[in-house]
Amino acid sequence: MNNHALKKIRQFNRYYTAWLDVMNKGYLGTDLAWPESRVLFEIYLCSGITATDICGNLNMDKSYVSRILSKFERQGLITRELVPGSKGLKRLLLTNAGIKAAQKIDSNGDRQITDKLKDMDEETCEKLCAAMEFIEKTLRGNDICK
């Protein structure tokens, strides 16, 4: 990769994370930081997922995920259920409060994008989505994303 491409990719990454407003606590109108919101949403999408699977899916450090999950358990957002026949493996399940928090993340995420792109015409929006699909397909093809 040449230096110009490297600089352009890093510039886009800095812009996009700021555009999504992920750098502040209170992501999407919650009391959670972005990584916490993402972990909670992963459990919402994959009920019964294990902590190990979350680490793999999100490419997150096991210790960090463990701290987040402990916090969620203290807050009553999740429960852990032993997988029968396993040696201590636990499935993660959202409580009613956890489901409500995940649904808030989901609806506020939809609202955030709708608000930011409200003045974009349909053709430009379709081009943007096609470009995003290209980026995701390309990165997945290079095993950068899982």
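Here goes a summary of the coordinates provided. (Residues numbered from 1 in each chain as written. Predicted model: local features only at pLDDT ≥ 70, side-chain atom pairs only at ≥ 80, totals over all residues. Heavy atoms only, no water.)

To continue, consider the packing of aromatic side chains. Evaluated as defined, the whole model comprises 4 aromatic pairs. Residues Phe-12 and Tyr-16 carry aromatic rings whose centres are separated by 5.6 Å and whose planes lie at 10° to one another, so their mutual orientation is stacked. With Phe-12 and Tyr-16 both in helix H1 (residues 3-19) and 4 residues apart, the pair spans about one turn of that helix. When its relative accessible area of 42% is taken as the criterion, Phe-12 is described as partly exposed. The partly exposed category is assigned to Tyr-16, whose relative accessible area is 27%. Just above the ring of Trp-19 sits the side chain of Lys-116; from NZ or CZ to the centre is 5.0 Å. (Phe/Tyr/Trp six-rings, centres within 6.5 Å; stacked < 30°, edge-to-face > 60°. Helix = DSSP H or I, 4+ residues; strand = E, 2+ residues; numbered from the N terminus. Buried < 20%, exposed > 50% of the residue type's maximum accessible area, 1.4 Å probe, protein only. Lys NZ or Arg CZ within 6 Å of the ring centre and 35° of its normal.)

Our focus in this paragraph is the pattern of salt bridges. With the rule as written, the count across this model stands at 6 salt bridges. Between Lys-71 and Glu-36 there is a salt bridge; the shortest N-O distance is 2.8 Å. Remark: Glu-36 occurs in helix H2 (residues 34-45) and Lys-71 occurs in helix H4 (residues 62-74); sequence separation between them is 35 residues. Here the two residues Lys-71 and Glu-36 agree in accessibility, since each one is buried. (Salt bridge = Lys/Arg side-chain N within 4 Å of Asp/Glu carboxyl O.)

With respect to the helices and strands, the residue Thr-95 is situated in the loop between strand E2 (90-94) and helix H5 (96-116). On the basis of relative accessibility, which here comes to 19%, the residue Thr-95 falls in the buried class. In contact with Thr-95, other than residues within four places in its own chain, are Gly-76, Leu-77, Ile-78 and Thr-79. (Contact = heavy atoms within 4.5 Å.)

Looking now at the nonpolar core. In terms of nonpolar packing, the biggest core is built from 24 residues, with Val-39, Leu-40, Ile-43, Ile-54, Leu-69, Phe-72 and Ile-78 touching the most fellow members. Contributing elements (two or more residues each) for this core: H2, helix H3 (51-58), H4, E2 and H5. With residues up to four places along the chain from it excluded, the contact list for Leu-69 reads Val-39, Ile-43, Ala-51, Ile-78, Arg-80 and Leu-92. (Core = buried A, V, L, I, M, F, W, Y, C linked by side-chain atoms within 4.5 Å.)

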